[in-house]
Amino acid sequence: MNPADPTGTGSARLEASGLTLGYADTDVVRELDLQVPHGKVTVVVGANACGKSTLLRGLARLLRPRSGAVLLDGEAIHRLPTKQVARTLGLLPQNPITPEGVTVADLVGRGRHPHHGPFGLLGRTRQEDEQAVAEALVLTDTLELADRMVDELSGGQRQRVWIAMALAQGTELLLLDEPTTYLDVAHQVEMLDLLAELNARRGTTIVMVLHDLNLSARYADHLVALLHGRIVAEGTPREVVTEEVVRTVFGLDNRVIDDPVSHTPLVVPVGRHTPVPAPASPVKETR
Amino acid sequence: MSLTLERRQAPTAPDAVEVVRRARRAPRLHHRRLVAGLVLALVGAFAVRVLLGDYTVTIPDFVRILGGEQIPGATYIVMESKLPRAVLAVLVGVAFGVGGAIFQTTLRNPLASPDIVGVSLGASAAAVSAIALAGWSGWSVSAAAVAGALGVALLVRAVAGDHGGFRLVLAGIGLAAAMQSVIQYVFTRVDEWDVQLVLRWLTGSVNGVAWAGIGLLAVALAVLLPATAWAARSLPVSELGDDAAAGLGVGRTRTELLMLLGVLLVAVGVAAAGPVAFVAFLSGPIARALNRGRTTLPAAGLVGAVIVLVGDHIGAYAVPDLNLPVGVVTGAFGAPFLLWLLARGPRHALRGRRAA
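Residues numbered from 1 in each chain as written. Chains lettered and ligands numbered in written order. Predicted model: local features only at pLDDT ≥ 70, side-chain atom pairs only at ≥ 80, totals over all residues.

What exactly am I supposed to notice about the overall build of chain A here?
Each helix and strand in chain A was counted, giving nine helices and 12 strands. Pairs at least 24 apart in sequence give 64% of the contacts found in chain A among residues at least 6 apart. (Helix = DSSP H or I, 4+ residues; strand = E, 2+ residues; numbered from the N terminus. Contact = placed C-beta atoms within 7 Å.)

How should the overall build of chain B be read in this particular structure?
Counting its regular elements, chain B contains 16 helices and zero strands. For 356 residues, the compact-globule estimate of 2.2 N^0.38 gives 21 Å, and the C-alpha radius of gyration of chain B, at 22 Å, lies within 12% of that figure. Considering only C-alpha atoms, chain B reaches an extent of 85 × 50 × 35 Å along its principal axes. For chain B, buried positions account for 50% of its 356 residues. A separation threshold of at least 6 residues defines the contact pool for chain B, and within that pool the share at least 24 residues apart is 77%. (Rg over C-alpha atoms; globule rule 2.2 N^0.38 Å. Buried ≥ 20, exposed ≤ 12 C-beta atoms within 10 Å, placed from the backbone.)

For this particular structure, what's the right way to read the interface of chain A and chain B?
Contacts between chain A and chain B engage 37 residues on the former and 32 residues on the latter. Those elements giving two or more residues to the side of chain A that touches chain B turn out to be α2 (82-85), β6 (89-92), α3 (104-109), α4 (123-139) and α6 (185-202) of chain A. Top element by residues in the side of chain A that touches chain B is α4(A). It accounts for seven residues.

In this structure, what is going on with the environment of N323(B)? I would like to understand it.
Of note, N323(B) is situated in the loop between α14 (297-317) and α15 (326-344). Setting aside residues no more than four positions away along its own chain, N323(B) makes contact with N207(B) and A316(B).

Can you walk me through helix α9 (residues 243-250) of chain A in this structure?
Residues that lie three or four places apart on an α-helix share one face, since the helix turns once every 3.6 residues. Residue and element names in this part refer to chain A. Three or more residues of α9 are buried, namely V245, V246 and V249. Each buried residue of α9 sits inside an arc of 100° when the element is viewed along its axis, so together they form one side. Structurally, α9 contributes buried residues whose contacts are with β3 (41-46), β9 (222-227), β10 (230-235), α8 (237-240), β11 (254-258) and β12 (265-269). Just beyond α9, the residue with positive phi is G251, at close to 65°. (Arc of directions from axis to C-beta.)

When you look at unusual backbone geometry in this model, what are you seeing that I'm missing?
Trans is the common state for peptide bonds, and a negative phi is the common state for residues other than glycine. Residue and element names in this part refer to chain A. A positive phi angle, close to 50°, is found at D73, a residue other than glycine. Checked against the element boundaries, D73 lands in the loop between β4 (67-72) and β5 (75-76). Judged by C-beta crowding, with 11 C-beta atoms within 10 Å, D73 ranks as exposed. Positioned with a positive phi, D141 is a non-glycine residue whose angle comes to about 60°. Structurally, D141 is set in the loop between α4 and α5 (155-168). Classification of D141 by C-beta neighbours within 10 Å gives partly exposed; the count is 16.

Sorry, what's going on with the nonpolar core here?
A general feature of soluble globular proteins is that nonpolar side chains tend to end up buried together. Core analysis: the largest hydrophobic core is formed by 98 residues, its most contacted members being V92(B), A145(B), V266(B) and A267(B). With 16 residues, the top contributor of residues to this core is helix α4 (residues 74-106) of chain B. Counting only domains with at least three residues in this core, you end up with domain 1 (36-77) and domain 2 (85-349) of chain B. The next biggest cluster of nonpolar side chains, apart from the first, holds 93 residues, and it includes L72(A), A217(A), L223(A) and A16(B). (Core = buried A, V, L, I, M, F, W, Y, C linked by C-beta atoms within 7 Å. Domains from an automatic or database assignment.)

For this particular structure, what's the right way to read the pairing of β4(A)?
Two faces, one strand: in a regular strand the side chains alternate between the faces of the sheet. Pairing geometry for β4(A) and β5(A), over two bridges, is antiparallel. Bridge pairing in β5(A) places L71(A) opposite A76(A). (Pairing = 2+ DSSP bridges.)

What is the right way to look at the packing of helix α6 (residues 139-160) of chain B against helix α7 (residues 165-189) of chain B in this model?
When two helices pack together, their arrangement is given by the angle between the helix axes and the distance between those axes. All names here are of chain B. The interhelical angle for the contact between α6 and α7, taken along N-to-C directions, is 135°, at an axis separation of 9 Å. In terms of axis orientation, α6 runs oblique to α7. Crossing geometry of α6 relative to α7 is assigned as right-handed. Along its contact with α6, which presents V152, L155, V156, V159 and A160, the element α7 presents R167, L168, A171, G172, L175 and M179. Residue classes in the contact of α6 with α7 are distributed as nine nonpolar, one polar and one charged. (Axes fitted to C-alpha atoms, helices over the stretch in contact; angles between N-to-C directions. Parallel < 35°, antiparallel > 145°, perpendicular 65-115°, else oblique. Left-handed = near helix turned anticlockwise from the far one by under 90°. Nonpolar A, V, L, I, M, F, W, Y, C, P; charged D, E, K, R; others polar.)

I would appreciate a short explanation of the sheet that holds β10(A) in the present structure.
Backbone-to-backbone hydrogen bonds pair the strands of a sheet. The strands run either parallel or antiparallel. Residue and element names in this part refer to chain A. Taken in spatial order, the six strands make up an open sheet running β6-β7-β8-β3-β9-β10, and their pairing is mixed. The open sheet has two free edges, formed respectively by β6 and β10, since each of these has just one partner strand. Here the average twist between neighbouring strands, direction ignored, is 15°. Of the pairings in the sheet, the one linking β9 to β10 comprises five bridges and is antiparallel in character. Note on β10: the bridge partner recorded for L223 is G235.

Hey, could you run me through the domain arrangement of chain B in this one?
Accessible area lost upon the coming together of the parts serves often as the stated size of an interface. All names here are of chain B. By domain assignment, chain B separates into domain 1 (36-77) and domain 2 (85-349). Centre-to-centre separation of domain 1 and domain 2, based on C-alpha positions: 28 Å. Of the residues that constitute the side of domain 1 that touches domain 2, the class distribution is eight nonpolar, one polar and two charged.

Could you clarify how one ought to interpret the environment of A112(B) in this entry?
Residues and elements named next belong to chain B. Here A112 is to be found in the loop between α4 and α5 (119-132). The class of A112 is buried, set by 27 C-beta atoms lying within 10 Å. In this structure, the C-alpha to C-alpha distance between A112 and G204, residues 92 residues apart in sequence, is 19 Å.

Looking at this structure, how should I read the packing of helix α3 (residues 59-66) of chain B against α4(B)?
All names here are of chain B. Interaxial distance between α3 and α4 falls to 10 Å at its minimum, and their mutual angle equals 70°. With respect to each other, α3 and α4 are oriented roughly perpendicular. In contact with D61, F62 and I65 of α3, α4 contributes A74, T75, V78 and M79. Of the residues assigned to the contact of α3 with α4, the class counts are five nonpolar, one polar and one charged.

Would you explain the environment of A305(B) in this entry?
All names here are of chain B. Within the element layout of this structure, A305 appears in helix α14. Sequence-wise, A305 and L175 are 130 residues apart; in three dimensions their C-alpha atoms are separated by 27 Å. Residues in contact with A305, not counting those within four places in the same chain, are L42, V90, G93, V94 and G97.

For this particular structure, what's the right way to read the confidence of the model for chain A?
Detailed conclusions should not be drawn from predicted coordinates in areas where pLDDT is low. Predicted confidence across chain A gives a mean pLDDT of 87, with 89% of residues reaching 70 or more. Predicted confidence for residues 1-10 of chain A stays below pLDDT 50, and this span has 16 contacts to residues more than four positions away or in other chains. (pLDDT = per-residue confidence, 0-100.)

Before we go on, may I ask you to explain the confidence of the model for chain B in this structure?
Residues and elements named next belong to chain B. Taken residue by residue, chain B gives an average pLDDT of 86. The fraction at 70 or more is 91%. Averaged over each element, pLDDT in chain B is lowest for helix α16 (residues 346-349) (43) and highest for α14 (95). Throughout residues 1-11 the model reports pLDDT below 50, and contacts reaching past four residues in sequence, or to other chains, amount to four contacts. Note that pLDDT drops below 50 for residues 346-356; the model gives that stretch 34 contacts with residues more than four away or on any other chain. Reported confidence for the predicted complex is 0.86 by ipTM and 0.86 by pTM.

In structure tokens, the structure reads:
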């Protein structure tokens, strides 16, 4: 079923061990242990400033650990040559910069950089590049945009192009920092469907930070909930998304029901001005 | 989902590869044509500079002079004035054009060019101090210029921190003013100086430079330009921002190496001809506009060479009996462009995100 992980044991290629990350004089992620299940979709959720983006940046070796380590195939990722890591592990940051005057095919082609030798392109590499770029464009349904300027595209199209760039990199692992930000709900679902297909068809291990808890519960195989830089719950969405965990992590009064479409947990927030109907809860709250 | 999956699995691969090949070829072809066109323009400007002017030299005469033949009058004018000026103009134009474009591209801000943020004037202040106060010459002047340029670059970065944009530009303009006063101070300390010499170190000039100085610059560029070509291969990736670049295996050290090469290019150019005003600032954006908005270092270098050649020709012959240094001419053309960039506002001109 899953070519990268035929036995389904989910052994980890990427893991964090006793990882502490921070900026200036504050620790943002504290002594965190995480094994990223291989060939699965892992989603990191948490309130604003809980350290989820920092954790992703740490896993992508953009931040040097204060202590502990990020291990790729058992080796400290910071000690591996960065270009070698880039052939195994891809990253789509939250706000990549679109250079002026760049076309879709050109931008996606830049994802091939880690596969180039120290003195640039040879004929064979160029063919491989074109093949990989074409595949990425077809997968993300952006082939017909190939010669368009990226800064002329709509937000949804542009995000698909950036994903295509990360796909062209051809890595087994892909980290994404809030890939659905700035997208409307239809484009969010389209984007996550695309990533789910990618995981199913190529067996790409995906780790992403998402804001929307319900979409996270729907698309994650493995869900990680962070609070103040520590993991408070980890496991399948059904194990993690409970009323108690959501209350702890987000400080939000809530009900969890069954998602009628995907049968994953669905969080329904209880606002201050919403009277809670009796059947959903035995205790009537009147805050 | 199954529907889209089937469609996506359809064996369209050869077609798709062809679409990609065509889409990727178009900008490459355009760039190649642009570089070829600029080389032609450069050859034309070079011929005009060397052959025309107050004293016209025919092409056969020019070839004979290069062959070592002595033609009364003509040999001296070509070998001691016109040719060295033209060759130096090309070399400093390339150095400033490429150096400026490196700054503007890595800092993502057209205003962050070395002649605006004080790096050129820092090189000039150090070079003129070395010559006038310490009596240095040759390689040691270039070394002083490099030290001055590096010093200003590091200082700007220390002041602006990790912020590009306005803070970097303002810090640079402040340091540029300080460097200018250093140069003026040096002139008050020497006994013998003339207007031409002052103008050289304040605004740049390709006039009256010996072949030895030109040879020095040529050797420096023969090392720096190939190194830049090698280091700049990661530029298309660095352009995507620090995080995306790091994800693609291009770390900050690569970008910093490129910046260092930019500083060196500007410094050796200044050591030979002074801080020719606004050439570094103008070349990158002009080359980019000609290349449909895309970054190009080779075209920036060629544009720089054409600007300095044409500027020197105008300076030499526009006003009768007055030999204006090239920096006065480029300064006159560059200032309106600077104002225009500033008037266009922060959205375009100042979207730099971090300092060097």
